[in-house]
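Listed below, chain by chain, are the residues.
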Amino acid sequence: MPRSLTYTGFDGHRRVTTGALSDVAIAIKHASEAGQPGPLLIFDDATGRSIDVNLQGSDAAVRARLAKLDAAANCANDADPASETPSEPEPARGRGRPRLGVVAREVTLLPRHWDWLATQPGGASVALRKLVEQARRSHDADDRRRRAHERAYHFMSALAGDLPGYEEATRAVFADDRARLRVLIAYWPEDVREHALMLAAHEEA
């Protein structure tokens, strides 16, 4: 999974800042050095989960460590582990459509599945790509909704478990009942309430 674009730091129920991981980490580091009561937590806004960051050393040292992590993560995101095994050299390509970033991986199917794929226009590869694209389009809204529910739940579990109406609020999240969620958390600390609502939001298809 690609790394999140934004992170959010909290000092107890107070939001410290939202932004790049290095910026949020430095803000939380300063809050810790100032003796803030905490708990001091950094959340990945893509998942709603709290993450551990090594804040030891100078600000420059923290930024340097996180820069290395970001670079490694970007390489991991770009790399395809399944395609890193040696393969036979490709034959010279003649005229025709250019290669569109196709990646070869093993697919295991039952014989009847292969038989059906063999009858499809363009062969098995073209048919499989079409099926995957159809599934992505048809399930895209459900996937966005599920991810929103999960990230809101993870965040609420970490910071709002002792707040009034927590259990009902989590049920409202998974029921996708945002109107009821707003009512149930109306008296939560403002920063926790607004961040939970932001994480629970998802775009309609």
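In this text the structure is predicted, and so the values were computed from the model without any measurement. (Residues numbered from 1 in each chain as written. Predicted model: local features only at pLDDT ≥ 70, side-chain atom pairs only at ≥ 80, totals over all residues. Heavy atoms only, no water.)

Quick word on the pattern of salt bridges
Scanning all chains against the criterion turns up ten salt bridges. Close ionic contact of aspartate 59 with lysine 29 constitutes a salt bridge, the shortest N to O distance being 3.0 Å. In this pair, aspartate 59 sits in helix H2 (residues 59–78) while lysine 29 sits in helix H1 (residues 21–33), placing the two residues 30 residues apart along the sequence. Given the relative accessible area of 27%, aspartate 59 is considered partly exposed. Here lysine 29 falls in the buried class, since its relative accessible area comes to 6%. (Salt bridge = Lys/Arg side-chain N within 4 Å of Asp/Glu carboxyl O. Helix = DSSP H or I, 4+ residues; strand = E, 2+ residues; numbered from the N terminus. Buried < 20%, exposed > 50% of the residue type's maximum accessible area, 1.4 Å probe, protein only.)

Remarks on unusual backbone geometry
Cis geometry is found at the peptide bond from glycine 38 to proline 39, where omega equals 5 degrees. Here proline 39 is to be found in the loop between H1 and strand E3 (40–44). Notably, aspartate 176 is not glycine yet its phi reads approximately 60 degrees, a positive angle. Tracing the backbone shows aspartate 176 in the loop between helix H5 (166–174) and helix H6 (178–184). Accessibility expressed as a relative area gives 25% for aspartate 176, which makes it partly exposed.

What to know about the pairing of E3
As paired elements, strand E1 (residues 7–11) and E3 share five bridges and run antiparallel to each other. Bridging from a neighbouring strand, glycine 9 pairs with isoleucine 42 of E3. Where E3 and strand E4 (residues 50–51) come together, two bridges link them in antiparallel fashion. Its bridge partner being in E4, phenylalanine 43 is matched across the sheet by serine 50. (Pairing = 2+ DSSP bridges.)

Focus on the confidence of the model for the chain
Residue-level pLDDT values for the chain average 81, and 77% of them are 70 or greater. Every residue in residues 80–94 scores below 50 in pLDDT, and together they form nine contacts with partners more than four places removed in sequence or on other chains. (pLDDT = per-residue confidence, 0-100. Contact = heavy atoms within 4.5 Å.)

Things to note about the sheet that holds E4
The strand order E2-E1-E3-E4 describes an open sheet built from four strands, whose pairing is antiparallel. Because the sheet does not close on itself, it has two edges, and the strands there are strand E2 (14–19) and E4. Running at roughly 155 degrees to E1, helix H7 (residues 190–200) makes contact with E1 and E2 of the sheet. (Axes fitted to C-alpha atoms, helices over the stretch in contact; angles between N-to-C directions.)

Some details on the side chain of arginine 151
Examined against the element boundaries, arginine 151 turns out to sit in helix H4 (residues 123–159). Aspartate 45 is the oppositely charged side chain nearest to the buried, salt-bridge-free arginine 151, at an N-O distance of 8.1 Å. Among the polar contacts listed, one links the side chain of arginine 151 to the backbone oxygen of alanine 201, at a separation of 2.9 Å. Apart from residues no more than four positions distant in its own chain, arginine 151 is found in contact with Asp45, Ala46, Thr47, Gly48, Leu199 and Ala201. (Lys, Arg positive; Asp, Glu negative; His and termini not counted. Polar contact = N/O pair within 3.5 Å; in protein donor to acceptor, adjacent residues only side chain to side chain.)

Points about the environment of threonine 8
Take threonine 8: it is sitting in strand E1. Of the residues examined, threonine 8 reaches a relative accessible area of 0% and is grouped as buried. For the pair formed by threonine 8 and aspartate 44, sequence separation is 36 residues and the distance between their alpha carbons is 6.7 Å. Here threonine 8 is in contact with Arg15, Thr17, Thr18, Val24, Leu41, Ile42, Phe43, Asp45 and His195, once residues within four sequence places are set aside. At a separation of 3.0 Å, a polar atom in the side chain of threonine 8 contacts the side chain of aspartate 45.

Examining the packing of aromatic side chains
Considering all chains together, one arrives at four aromatic pairs under this definition. Judged by centre distance (6.0 Å) and plane angle (85 degrees), the ring pair of phenylalanine 10 and phenylalanine 43 falls under edge-to-face. With phenylalanine 10 in strand E1 and phenylalanine 43 in strand E3, the pair connects residues that are 33 residues apart, well separated along the chain. Given a relative accessible area of 1%, phenylalanine 43 falls into the buried group. An angle of 75 degrees between the planes, with centres 5.0 Å apart, marks the rings of phenylalanine 43 and phenylalanine 155 as edge-to-face. Highlighted residues: phenylalanine 43 in strand E3 and phenylalanine 155 in helix H4, separated in sequence by 112 residues. Assessed through its relative accessible area of 0%, phenylalanine 155 is described here as buried. (Phe/Tyr/Trp six-rings, centres within 6.5 Å; stacked < 30°, edge-to-face > 60°.)

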